[in-house]
Amino acid sequence: MTSLSPAARDVINADKVRSAIVRRSRGREDHPEVSRWLQTHFFRWAINRFAHVLSVQSVAQWRTCIGTGQPPEWFVGKLAAGNTAMIYIDPEHHLLREHELRMVEFFHARLASRLAGKFHRITFDAADAAWRKDHERMQRRRTLGWWPSQPHALTEVVTTPHGRFVELKATGNTLRAEMAYESFHMQHCLGQFADHATLEGGYGELYARNCEQGRTRLFSLRDNNNRPHVTVSLTEDLGEWSLEQIKGKQNATAQAKYAQDVLCLLNTLRPRDAGSTDMMRLGIVARHGADEISYVAFGDLQQPVRQHALLAAFPHLLNLHPRPDPFAQWLALGAGAAIVDEVTSPHGPVLAALLTMNTDEPGAQARMRLSDALSNTFPQWLAPVTDDVGTSRSGWLRRLLARSGPATTHHAQRHRRWALALAELLFYRLGMDGDTGRLQLAAPPTVPARVRAQIEAELAIEDSGAETAIERFCARFFRVPYFEHPQLVDVRDDGREDAARNLLAWHAMRQSYVLRLLVAWGLLDESRGWPLLLLNAQRVQDCFNDWLDFGSAAARGHATWLQWNDPQVRHAKATEVAFRDFHDEFGCVWKRLHWSDFNLAQAVAPLAMRANG
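Everything in this summary refers to the structure shown in the same document. One numbering rule holds for all chains: residues counted from 1, following each sequence as written. Only residues with pLDDT of 70 or above have their local features reported here, since the model is predicted, and side-chain atom pairs are shown and tallied only from 80 upward, although totals for entire chains, interfaces and linings are computed over all residues. No hydrogens and no water enter the side-chain calculation; it runs on all heavy atoms of the structure.

Topic: the overall build of the protein chain
Secondary structure elements follow DSSP: runs of H or I of four or more residues count as helices, runs of E of two or more count as strands, with numbering from the N terminus. Secondary structure summary: the protein chain contains 26 helices and 10 strands in total. Any residue under 20% of the maximum accessible area for its type is buried, any over 50% is exposed, and the rest in between are partly exposed; the area is computed with a 1.4 Å probe on protein chains only. Out of the 613 residues in the protein chain, the part that is buried amounts to 52%. The contact criterion used throughout is that any non-hydrogen atoms of two residues lie within 4.5 Å. Pairs at least 24 apart in sequence give 65% of the contacts found in the protein chain among residues at least 6 apart. The Shrake-Rupley method, run with a 1.4 Å probe, gives the accessible areas here. Residue values count only the displayed protein chains as cover. Roughly 27400 Å² of accessible area belongs to the protein chain as shown, and the carbon and sulfur atoms make up 49% of that amount.

See the structure below:
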């Protein structure tokens, strides 16, 4: 998904977004004033400013978002008029629902205040800021509102490694006192009542009423001293119980050591998975069987395809990966992982890629820290600790390509030829030879003009300027935007298609192709391009078994991406057909390059040792 500016908002399903807000409000039985505010102020915020949207620039994309059938005349008319800035908002997006719940909490806590009847005057920004201040104030005043815990208010559900999960089953003031006890220790809003003596009003009022009316169930992880450590809530949703929240202290993600305790509870209750971000932050994954749902820790997931998809969609799971090998690290880097401090043994080329992009670590101090990590983890690359961006980015490259003897020159040429060959399939589709034998980074000059127009539009060169667009391309070179598509997390391990791996292959192939074109057009300097191309080749070498594996995975990745964006797209398999033809060619360059001929770690090591000697 992408983030669009407020000025460009043209939502094709605004009516569906409003309907979803109304439906959820009725299901919660919100107060009429709260419901009215949601339908006006919250709806306007969602339409104008909610960031997680999908761009809709064609009839095919309209069908992908809305469904089959003929789009309405107004949509077709806008397309004909050149309006390609239309967007789609998922009415059930978990972050949209999370913001909505915050606002419900805020206004229900003020139904008995002087603001009652004036909710329509409060803007979304004001309400959101006040909600945040409320929660900060709760943390500062956490010593207030303590009530003793009552054993008869709790029902034990399951024994866990760190204690037991209990359900708050009482009613009336007994329930409210137990909620206040929970909030006193957990420092969150569950049992924060406006009146500490009568246990009425405030944030606690909403949760207490929902529990008493059978719309919410509350569970608490208690240790042997009855101290709470995790609070879990379920909500009634279309006749089923679904997971709503899993909170640690101060509304933060529960500590990782309590993940097994939460797993025990979830596998005892087996609530419906509603896409809880709290659950995913804790590294817990839902498994959908034929008749029921179960839950498992990400690290114990025995389905590689599912594991790859989740890691690509949620890069923080790299911390919980049982075997963070180079492939897992490249995958997580493609999704935005920081790598440093996230794995015990970072892969050197992955760190080098981070340093080469030089975007997530923009300050001099941050660059020095990343350079130190690269030097400590991968000393043969001798990453210099310097403020000079150019030196820190390409010092290893100059050593690799240095002309210090015939053997070294041949070594460098072999690696350059191998890296240049990554994009050969895409040049073959254009009816061209990528001409890797020249050892020139620039693509052949006979590339059709229409290709340049396509690439420049894709990079938004005309809108943002060539310099800005190229800087953005380099700064995000190893990020895989395909991983942001919502269908990735729905991938199941059927033993055939590894969508995340295939999309990584397609991205690597196409990035090499685009990079060579940009150099040919004079938009990208070779000194910036060579490090990216060689590290991209190392990414391919680390993640795939041979040329056949890489090429077929890239072709499948291209087909997957096309089908996700338009299930009825024609020629979705064109790249797969081109790959088979390309690989069958007698003079196919991939057949002349041994897969084992490329290893930057070994290539740089002898030069580094020679330099140190």
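Some remarks on the sheet that holds strand S3 (residues 86–88)
A pair of strands is labelled paired if DSSP reports no fewer than 2 bridges between them. Spatial strand order, S1-S3-S2: 3 strands in an open sheet with mixed pairing. The sheet is open, and its two edges are formed by strand S1 (10–11) and strand S2 (54–56), each paired on a single side. Pairing of S2 with S3 involves 3 bridges; the strand directions are antiparallel. Bridge pairing links Val56 to Met86 in S3.

Considering the layout of surface pockets
Empty space within the second largest pocket amounts to approximately 1100 Å³. Think of a 1 Å grid over the protein atoms and nothing else: a 1.4 Å probe that fits but is trapped marks a cavity, an open set flanked by protein within 12 Å on at least five of seven lines marks a pocket, and residues with an atom within 4 Å of a point count as lining. For the second largest pocket, the lining is made up of 44 residues, of which Arg97, Leu101, Thr235, Glu244 and Gln245 are closest to its centre. Of all the secondary-structure elements, those providing two or more residues to the lining of the second largest pocket are helix H1 (14–28), helix H5 (94–108), helix H6 (124–140), helix H8 (202–212), strand S6 (216–222), strand S7 (228–237), strand S8 (240–247) and helix H10 (277–281). Residue contributions to the lining of the second largest pocket peak at 8 residues, all from H5. Classification used: nonpolar for Ala, Val, Leu, Ile, Met, Phe, Trp, Tyr, Cys and Pro, charged for Asp, Glu, Lys and Arg, polar for all others including Gly. Considered class by class, the residues forming the lining of the second largest pocket number 12 nonpolar, 15 polar and 17 charged. Grid points are joined across faces, edges and corners, and a volume is the space filled by probe spheres set on the points.

Here's the deal with the packing of aromatic side chains
Pairs of aromatic rings are described using the distance from one ring centre to the other and the angle between the two planes. Any two rings among Phe, Tyr and Trp, with Trp reduced to its six-membered ring, count as a pair given centres within 6.5 Å; such a pair is stacked if its planes are under 30 degrees apart, edge-to-face if over 60, and tilted if neither. Taken as a whole and assessed by the stated rule, the structure comprises 25 aromatic pairs. Judged by centre distance (5.9 Å) and plane angle (65°), the ring pair of Trp45 and Phe50 falls under edge-to-face. Looking at Trp45, the relative accessible area reads 9%, which means it is buried. The rings of Trp418, Tyr428, Phe544, Trp547, Phe550, Phe579, Phe582, Trp590, Trp595 and Phe598 are connected pair by pair, giving a single aromatic cluster. Our definition puts a charge over a ring when NZ of Lys or CZ of Arg is within 6 Å of the ring centre and also within 35 degrees of the ring normal. The ring of Phe43 is capped by Arg18, whose NZ or CZ atom sits 3.9 Å from the centre of that ring. The ring centre of Trp530 lies 5.9 Å from the NZ or CZ of Arg416, which sits over that ring.

Concerning unusual backbone geometry
At Glu29, a residue that is not glycine, the phi angle is positive and equals roughly 60°. Considering the arrangement of structural elements, one finds Glu29 in the loop between H1 and helix H2 (32–49). Overall, the relative accessible area of 56% leaves Glu29 in the exposed class.

Brief notes about the packing of H2 against H5
Think of each axis as a best-fit line through the C-alpha atoms, taken over the contacting stretch in the case of a helix, with angles from 0 to 180 degrees between the N-to-C directions. For the pair H2 and H5, the least separation of the axes is 11 Å and the interaxial angle reads 140°. One way to sum up the angle between H2 and H5 is to call them oblique. Seen along the crossing, H2 lies across H5 with a hand that is right-handed. For the pair H2 and H5, the contacting residues are Val34, Trp37, Leu38, Phe42, Trp45 and Ala46 in the first and Leu96, His99, Glu100, Met103, Val104, Phe107 and His108 in the second. An angle counts as roughly parallel when it lies under 35 degrees, as roughly antiparallel when it exceeds 145, as roughly perpendicular when it falls between 65 and 115, and as oblique in every other case. For any helix crossing, the convention is left-handed if the near helix is rotated counterclockwise from the far helix by under a right angle, and right-handed if that rotation is clockwise.

A short note on the nonpolar core
Put simply, buried Ala, Val, Leu, Ile, Met, Phe, Trp, Tyr and Cys residues joined by side-chain atoms within 4.5 Å make one nonpolar core. Counting residues in hydrophobic clusters, the biggest one holds 96 residues, and the most contacted among them are Phe550 and Trp590. Broken down by element, the residue count for this core peaks at 14 residues, all from helix H21 (residues 499–520). Apart from residues lying up to four places away in sequence, Phe550 is in contact with Leu422, Ala505, Ala508, Met509, Val540, Phe544, Trp590 and Trp595. Counting 46 residues, the second largest nonpolar core, distinct from the first, contains Ala46, Phe50, Ala127 and Leu206.

Regarding the pattern of salt bridges
Here, a salt bridge means any Lys or Arg side-chain nitrogen found within 4 Å of an Asp or Glu carboxyl oxygen. For the coordinates displayed, the defined rule picks out 30 salt bridges. The residue Glu92 makes a salt bridge to Arg24 at a minimum N-O spacing of 3.2 Å. A residue pair is termed long-range when its members are at least 10 positions apart, and Glu92 in the loop between S3 and H5 and Arg24 in helix H1 qualify at 68 residues. Within the structure, one salt-bridge network assembled from shared partners comprises Arg23, Arg24, Arg28, Asp30, Glu92, Arg97 and Glu100.

Some remarks on the pairing of strand S5 (residues 163–168)
Taking burial as the measure, the 6 residues of S5 include 5 buried ones, the bulk of the element. Bridge analysis of strand S4 (residues 154–160) against S5 gives 6 bridges, and the strand direction is antiparallel. In the strand pairing of S5, Thr160 is matched with Gly163. Connecting S4 to the antiparallel partner S5 that follows it, the hairpin turn spans 2 residues. Strand direction decides the pairing type here: S5 and S6, joined by 4 bridges, are antiparallel. What sits directly across from Arg164, in S6, is Arg222.

Observations concerning the packing of helix H11 (residues 304–313) against helix H12 (residues 326–335)
Contact pair H11 / H12: the axes reach a minimum separation of 7 Å and the direction vectors enclose 40°. With respect to their mutual orientation, H11 and H12 come out oblique. Here H11 contributes His308, Leu311 and Ala312 to the contact with H12, which in turn contributes Phe327, Ala328, Leu331, Ala332 and Ala335. Residue composition of the contact of H11 with H12, grouped by class: 7 nonpolar, 1 polar and no charged.

Topic: the sheet that holds S4
Across the sheet, which stays open at both edges, the 5 strands sit in the order S4-S5-S6-S7-S8 with antiparallel pairing between neighbours. Whereas interior strands pair on both sides, the edge strands pair on one side only; in this sheet they are S4 and S8. Looking at each pair of strands side by side, their axes are set apart by 25° on average, direction ignored. Seen against the sheet, helix H9 (residues 259–269) touches S4, S5, S6, S7 and S8 and runs at an angle of roughly 115° to S4.

Digging into the environment of Arg287
Looking at the secondary structure, you find Arg287 in strand S9 (residues 284–288). According to the relative accessible area criterion, Arg287 is partly exposed, its value standing at 35%. The residues contacting Arg287, other than those within four sequence positions of it, are Glu292, Ile293, Ser294, Val296, Leu301 and Gln303.

Topic: the environment of Leu488
Tracing the backbone through its elements, the reader meets Leu488 in the loop between helix H20 (466–475) and H21. Spatially, the C-alpha atoms of Leu488 and Leu503 are 10.0 Å apart, while their sequence positions differ by 15 residues. With sequence-adjacent residues up to four places away left out, Leu488 is seen in contact with Ala309, Ala312, Ala313, Phe483, Ala499, Ala500, Leu503 and Trp564.

Purely geometric numbers; function is a separate question.
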